[in-house]
Amino acid sequence: MLFMFVLFFRSFLNMTRFNFLLIIFLLSGVYASAQNCDIETTNEVVNTISGKSTGSITVTISNDSKDIKLFLLNQGDESAKEEIKTRKIEKLKAGRYEFIIIDTKKDRCYKYLSIEVGDTQ
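Remember, it's a predicted structure, so these values are computed and weren't measured experimentally.

## Structural notes on the pairing of strand β3 (residues 55-61)
By the criterion of burial, β3 is predominantly enclosed, with six of the seven residues buried. Sheet analysis places strand β1 (residues 41-46) next to β3, joined by six bridges and oriented antiparallel. In the strand pairing of β3, T42 is matched with T60. The pairing of β3 with strand β5 (residues 88-92) spans three bridges and is antiparallel. The residue of β5 that forms the bridge with G55 is L92.

Laid out in structure tokens, this is it:
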């Protein structure tokens, strides 16, 4: 619960209406999310080169299906509203990227990911 509060407080200043509603949804299901929720992921990160937008993140979901949705949270209103169907995000700058994976078939089943893209010289 503390983690969710810190996440909420950290993003409060840059929060959009959609993100606010999504966080409220997550807070309402903090305890239920651990029950019957088996979203397992592996992530592949390609770092940027010399500060350019050459980084990428690939999220692989072990039990992936059409019921599992992936969203990028910290890139503005439009990215948070559209599902990332390819599971790969390219042309990224160095920085932290926050994702949420939601299993729409299971009530309140989600996983939060925070992935860092580094910069190599």
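After presenting the structure, the write-up continues.
## So, the sheet that holds strand β7 (residues 109-117)
Pairing within the open sheet is antiparallel, and its three strands lie in the order β4-β6-β7. The open sheet has two edge strands with one neighbour each: β4 (68-72) and β7. Going from strand to strand, the sheet's axes swing by 20 degrees on average, the running direction of each strand aside. Across nine bridges, the pairing between strand β6 (residues 95-103) and β7 is antiparallel. In the strand pairing of β7, R96 is matched with E116.

## Regarding the pattern of salt bridges
The full count for this structure, using the stated rule, is six salt bridges. Salt-bridge contacts for D38 lead to K106; the nearest nitrogen and oxygen are separated by 2.9 Å. Of this pair, D38 sits in the loop between α2 (17-28) and β1 while K106 sits in the loop between β6 and β7; the two residues are 68 residues apart in sequence, bridging distant segments of the chain. We classify K106 as partly exposed; its relative accessible area is 30%. The closest approach of N and O atoms between E83 and R87, which form a salt bridge, is 3.6 Å. Connected through salt bridges with shared partners, the residues D64, K69, E83 and R87 form a single ionic network.

## A closer look at the nonpolar core
Membership of the largest hydrophobic core comes to 18 residues, with the highest contact counts inside it found for I57, V59, Y97, F99 and I101. With four residues, β7 is the largest single contributor of residues to this core. If we ignore the near neighbours within four places in the chain, the residues touching I101 are I39, T41, V59, I61, I68, K69, L70, C109, Y110, K111 and L113. If you look at the next biggest cluster of nonpolar residues, it comprises six residues, including F71, L73, I100 and I102.

How each quantity is defined
Residue indices follow the written sequence of each chain, beginning from 1 at its first position. Given that this is a predicted model, residues contribute local features only at a pLDDT of at least 70 and side-chain atom pairs are listed and counted only at 80 or more, while totals for whole chains, interfaces and linings are drawn from all residues. Only hydrogens and water are set aside; all other atoms, that is, all heavy atoms of the structure, feed into the side-chain values. Exposure categories follow from relative accessible area, calculated using a 1.4 Å probe and restricted to protein chains: below 20% of the type maximum is buried, above 50% is exposed, and the middle band is partly exposed. Secondary structure is summarised from DSSP: a helix means a run of H or I of at least four residues, a strand means a run of E of at least two, and numbering begins at the N terminus for each. Strands pair, by our definition, only if DSSP identifies at least two bridges between them. Lines are fitted to the C-alpha atoms to define the axes, a helix being fitted only along its stretch in contact, and any angle between axes, read from their N-to-C directions, falls within 0 to 180 degrees. Take a side-chain nitrogen of Lys or Arg and a carboxyl oxygen of Asp or Glu: if they are within 4 Å of each other, that pair is a salt bridge. For this analysis, a nonpolar core means a set of buried residues of the types Ala, Val, Leu, Ile, Met, Phe, Trp, Tyr and Cys, connected via side-chain atoms within 4.5 Å. Two residues qualify as a contact provided that any one of their heavy atoms is within 4.5 Å of a heavy atom in the partner residue.

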